[in-house]
Amino acid sequence: MFSRRFIKVPIKVYDRDHMELTGSEIAKDTYEMINPYRIESYRPSDENAGNCINISMQSGATMLVYMSIREFEKALDKHSNSLNDVT
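Residue positions are counted from 1 within each chain, in the order its sequence is given. In view of the model being predicted, local features appear only for residues whose pLDDT reaches at least 70, and side-chain atom pairs are presented and counted only at 80 or more, with totals across whole chains, interfaces and linings using the full set of residues. The side-chain values count all of the structure's non-hydrogen atoms but skip hydrogen atoms and water molecules.

Draft legend 1. Broad picture of the overall build of the chain. Each helix and strand in the chain was counted, giving two helices and five strands. For the chain, the α and β elements follow one another from N to C terminus as β-α-β-β-β-β-α. When the backbone C-alpha atoms are referred to their principal axes, the chain occupies close to 55 × 30 × 20 Å. Note on contacts: a residue pair qualifies if any of its non-hydrogen atoms lie within 4.5 Å across the two residues. Considering only contacts within the chain whose residues lie at least 6 apart along the sequence, 39% involve residues at least 24 apart. Where accessible areas are quoted, they stem from the Shrake-Rupley method and a 1.4 Å probe; at the residue level, only the protein chains shown are allowed to cover. When the accessible surface of the chain is summed, it comes to about 6500 Å², and 48% of that surface belongs to carbon and sulfur atoms. None of His or the chain ends enter the tally, which takes Lys and Arg as positive and Asp and Glu as negative. Lys charges are placed at NZ, Arg charges at CZ, Asp charges at CG and Glu charges at CD. The chain carries 11 positive and 13 negative side-chain charges, and their two centres are separated by 8 Å. Numbered from the N terminus, helices here are DSSP runs of H or I no shorter than four residues, and strands are runs of E no shorter than two.

Draft legend 2. Focus on the pattern of salt bridges. Salt bridge criterion: a side-chain nitrogen from Lys or Arg within 4 Å of a carboxyl oxygen from Asp or Glu. Going through the model one piece at a time under the given rule, you end up with one salt bridge. Ionic pairing is found between Asp-29 and Lys-12, a salt bridge with its closest N-O pair at 2.6 Å. Of this pair, Asp-29 sits in strand 2 (residues 27–34) while Lys-12 is found in strand 1 (residues 7–14), placing the two residues 17 residues apart along the sequence. Note on Lys-12: relative accessible area 30%, which makes it partly exposed. The buried label applies to any residue whose accessible area, calculated with a 1.4 Å probe on protein chains only, is under 20% of its type's maximum; exposed applies above 50%, and partly exposed to all values in between.

Here is the structure:
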């Protein structure tokens, strides 16, 4: 299955139009499906006291993911193991 190669990570999407009009932020909790084999690097973020990480993709895209590094690494390992278990 093609979609099995992706991993789901929690992110926030900000409404830029609302910000420009009102000066206040509106964030929507959502997720992004990423190909973990295209991750260039990841590191802790200064936001949310260690409960976020910054991910850089090989495409140059970056994102703030709302997981701790420990949670993220567990999800990566689980994903990798699930792909290896396919018979």
